[in-house]
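If you want the building blocks of each chain, they are given just below.
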Amino acid sequence: MDERGRALLIKRRDGSTWEPPGGALDPESTAPDALQREILEETGVKIALPAALTGVYKDMNDLTVSLVFRCTALDGTPVTGPRTRAWRWATRAEVPDLADEAYAIRVLDALDATTPPAIRAHDGVTLV
């Protein structure tokens, strides 16, 4: 999130939809290390830690589980690069029109920052 409460969304080079930045948790990485690394690699933005876990999401098709964290942009201006072809800061009202439901709910849950974290399932596009 930026200082105005907007979420950073990206379009990956291998996709066409808006989604939050992120990636895989390598076996040798801690979750905070991977979070910082992935966001920096995909956007050029350094985040402040600690970050708050805001949701757990299971894709019922490929059985992956995604952890979503709410974090604050600390330094840097978003950029495109080898993994990211576009970026934008989005308000809560804009998110549902930009992202598929499965990604929009992750961003909305993070913006709403409920406690305990949301636990949801989807089919890759819509919630189930």
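Computed from a prediction, not measured in an experiment: that's the story for all the values here.

**Q** Would you explain the pattern of salt bridges in this entry?
**A** Throughout the structure, instances matching the rule amount to 11 salt bridges. Note that Glu 38 and Arg 83 form a salt bridge whose closest N and O atoms lie 3.2 Å from each other. With Glu 38 in helix α1 (residues 31-43) and Arg 83 in the loop between β3 (65-75) and β4 (84-90), the pair connects residues that are 45 residues apart, well separated along the chain. One salt bridge connects Arg 83 with Glu 41, and the closest N-O pair in it is separated by 2.3 Å. On the criterion of sequence distance, the pair formed by Arg 83 in the loop between β3 and β4 and Glu 41 in helix α1 is long-range, its members being 42 residues apart. Look at Glu 41 and you get partly exposed, because its relative accessible area is 42%. A cluster of three or more residues bridged by salt bridges with shared partners is formed by Asp 26, Arg 37, Glu 38, Glu 41 and Arg 83.

**Q** Please clarify how α1 should be interpreted in this entry.
**A** Helical geometry: 3.6 residues make up each α-helical turn, so side chains three or four residues apart lie on a common side. The end-to-end C-alpha distance of α1 is 18 Å, a good match for the 18 Å that 13 residues give at a rise of 1.5 Å each. Along α1, the positions that sit buried rather than exposed are Ala 34, Leu 35, Glu 38, Ile 39, Glu 42 and Thr 43. Buried residues of α1, viewed axially, fall in a sector of 120 degrees; they line one side. In the core, the buried residues of α1 are packed alongside β1 (7-12), β2 (46-59), β3 and β4. Positive phi shows up at Gly 44, right after α1, with a value of about 80 degrees.

What counts, and at which threshold
Counting restarts for each chain, with residues numbered from 1 along the sequence as it is written. Since the coordinates come from a predicted model, pLDDT governs what is reported: local features require at least 70, and pairs of side-chain atoms require 80 or more to be given and counted, while whole-chain, interface and lining totals use all residues. Only hydrogens and water are set aside when side-chain values are computed; all heavy atoms of the structure are taken into account. Throughout this description, the term salt bridge denotes a Lys or Arg side-chain nitrogen within 4 Å of a carboxyl oxygen of Asp or Glu. Helix numbering and strand numbering both begin at the N terminus, where a helix is a DSSP run of H or I of at least 4 residues and a strand a DSSP run of E of at least 2. Burial here depends on accessible area, computed with a 1.4 Å probe over protein chains only, as a share of the maximum for the residue type. Under 20% is buried, over 50% is exposed, and the range in between is partly exposed. Here, expected helix span is obtained from the residue count minus one, scaled by 1.5 Å. The directions considered for the arc run from the helix axis to the C-beta atoms. Pairs of residues are marked as contacts when any of their non-hydrogen atoms sit within 4.5 Å.

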